[in-house]
Amino acid sequence: MSYLNATNDLYKNAALTPDVGLCCTTTPIWKFPGLEIPKIMQEMNYGCGSTISAQDLINNPKILYVGVGGGMELLQFSYFSRQKAGVIGVDVVDEMLEASRKNFLIAEQENEWFKSEFVELRKGDALNLPIENESIDVAAQNCLFNIFKAEDLKKALQEMYRVLKPHGRLVMSDPTCEQEMNETLRNDDHLRALCLSGSIPIADYIKALTDVGFGTIEIRGRRPYRILDTENYPTDELIYIESIEVCAIKDPMPADGPCVFTGKAAIYFGKEDYFDDDKGHVLMKNQPLAICDKTATAIASLNRSDIFISESTYHYNGGGCC
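Residues numbered from 1 in each chain as written. Predicted model: local features only at pLDDT ≥ 70, side-chain atom pairs only at ≥ 80, totals over all residues. Heavy atoms only, no water.

J.: What is the right way to read the sheet that holds strand β9 (residues 264-268) from this model?
T.: Taking strand neighbours across the sheet as the criterion, the three strands line up as β12-β9-β13 in an open arrangement whose pairing is antiparallel. Strands at the two margins of the open sheet, each flanked by one partner only, are β12 (289-291) and β13 (307-309). Looking at each pair of strands side by side, their axes are set apart by 30 degrees on average, direction ignored. Note that β9 and β12 share three bridges and pair antiparallel. Directly across from alanine 265, in β12, lies its bridge partner alanine 290. (Pairing = 2+ DSSP bridges. Helix = DSSP H or I, 4+ residues; strand = E, 2+ residues; numbered from the N terminus. Axes fitted to C-alpha atoms, helices over the stretch in contact; angles between N-to-C directions.)

Next up, the structure:
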């Protein structure tokens, strides 16, 4: 049985019998004014973070969500796109689609503003999305793409890039791991389906996004996720897994490479009122400016004693140099 079949079976069972402990995260479940999230949706929250950010969701965007889970994030997205089929949910597991349909009926009872018609559910594969080219403003997935092996991950990202409008946003949450995993872990279909042994380093994750053409990458959150210990897993060392929240923007690729924001900032504290690098970056005195890693490297190369550049915080919420 392939790892994709193992994944489908796992989430078929999770749809039929909700598994509260399947995934867990320190990210809070966002509740906006007037939004009530049914208990069953919270129990079927099979993500490792959140893809909901109000800054992405202005002007009634057309939204795509791949891997519907119990429908919680589809409901949250509908809060910002209250129109018929404003949110499209795609899943390959029939049982998960049916569970979401039932959960939306409960959500209608608990939320006066919500109508099930706000969400259109489609049977489909992340590797071959049933979505038209350049028709989506915001696409999202939560704890799904980390399951894919390298070639399938490339296909899934290419599909997301294809369906997004120019300057559209792909918002994702996935486990990552900076340590080397042995082949036994990597080839364990069940552990991969559980969003554990498919975790890759953040740099590899970013490269996969930029390789398909995304010109701007934002790392919006980085949090502890899971431990693979030597007692319960086939590993000789303890392996630490984190979850990250990322936004990849379908901007044109800059000639000098992508703009990747990992939460760095520059602070100028010299004698003048400001510092201008003549490349579009103006630092006002003692005011931090968020900068992409590319700009951080360029400014650091000036070897100035009156500019401080912070380390990556892996938390970025917009603004800055680009």
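There is more to say after this.
J.: What is the right way to look at the packing of aromatic side chains in this model?
T.: In this description, a pair of aromatic rings is defined by centroid distance and the angle of the planes. In this structure the tally under the stated criterion is 12 aromatic pairs. Measuring from centroid to centroid gives 5.2 Å for tyrosine 79 and phenylalanine 80, while their planes differ by 75 degrees, and the two rings are edge-to-face. Accessibility expressed as a relative area gives 16% for phenylalanine 80, which makes it buried. Their ring planes at 85 degrees and their centres at 5.5 Å tell us that tyrosine 79 and tryptophan 113 sit as a pair that is edge-to-face. Placement of the pair is tyrosine 79 in the loop between α3 (72-78) and β2 (87-91) and tryptophan 113 in the loop between α4 (94-110) and β3 (119-123), with a sequence separation of 34 residues. For the pair shown, tyrosine 79 and tryptophan 113 are each scored as buried. Taking the ring centre of tryptophan 113 as reference, the NZ or CZ of arginine 82 above it sits at 4.4 Å. Taking the ring centre of tyrosine 161 as reference, the NZ or CZ of lysine 250 above it sits at 4.6 Å. (Phe/Tyr/Trp six-rings, centres within 6.5 Å; stacked < 30°, edge-to-face > 60°. Buried < 20%, exposed > 50% of the residue type's maximum accessible area, 1.4 Å probe, protein only. Lys NZ or Arg CZ within 6 Å of the ring centre and 35° of its normal.)

J.: Help me out: how do you make sense of the domain arrangement of the chain in this one?
T.: Interfaces are frequently sized by the accessible area removed from exposure as the parts join. Assigned domains of the chain: these are domain 1 (3-259) and domain 2 (263-310). On a C-alpha basis, the centroid separation for the pair domain 1 and domain 2 is 35 Å. (Domains from an automatic or database assignment.)

J.: Explanation requested: empty space enclosed by the protein in the structure shown.
T.: One simple way to see leftover space: roll a probe sized like a water molecule over the atoms. Summed over the entire model, instances satisfying the criterion amount to one cavity of 30 Å³ or more. Each pocket or cavity is described by its volume, and for the largest cavity that value is around 40 Å³. Contributing to the lining of the largest cavity are Gln141, Phe145, Leu153, Leu157, Met172, Asp174, Tyr205, Ala208 and Leu209. Elements with a contribution of two residues or more to the lining of the largest cavity: α5 (150-163), β5 (164-176) and α8 (202-211). (1 Å grid on protein atoms, 1.4 Å probe; cavity = no way out; pocket = protein on both sides within 12 Å on 5 of 7 lines; lining within 4 Å. Points joined across faces, edges and corners; volume = space filled by probe spheres on them.)

J.: Help me understand the pairing of β3, please; the structure alone is not making it clear to me.
T.: In regular strands, side chains alternate between the two faces of the sheet. Two strands pair when backbone bridges link them, and β2 and β3 are joined in this way by five bridges, in the parallel orientation. From the neighbouring strand, valine 87 faces β3, where its bridge partner is valine 119.

J.: Would you take a moment to explain the layout of surface pockets for this structure?
T.: Size it by volume and the second largest pocket reaches roughly 370 Å³. Lining the second largest pocket we find 18 residues, and of these Ala150, Leu153, Ile200, Asp204 and Ala208 sit closest to its centre. Elements with a minimum of two residues in the lining of the second largest pocket: α5 and α8. Considering each element in turn, the lining of the second largest pocket owes the most residues, five residues, to α8. Along the lines of polarity and charge, the residues of the lining of the second largest pocket split into nine nonpolar, two polar and seven charged. (Nonpolar A, V, L, I, M, F, W, Y, C, P; charged D, E, K, R; others polar.)

J.: Can you walk me through unusual backbone geometry in this structure?
T.: Glycine aside, residues mostly have negative phi angles, and peptide bonds mostly take the trans form. One non-glycine residue, asparagine 60, adopts positive backbone phi at about 50 degrees. Position of asparagine 60 among the secondary structure elements: in the loop between α2 (39-43) and β1 (63-66). Taking relative accessible area as the criterion, asparagine 60 reaches 46% and is therefore assigned partly exposed. For asparagine 286, which is not glycine, the phi dihedral falls at a positive 55 degrees.

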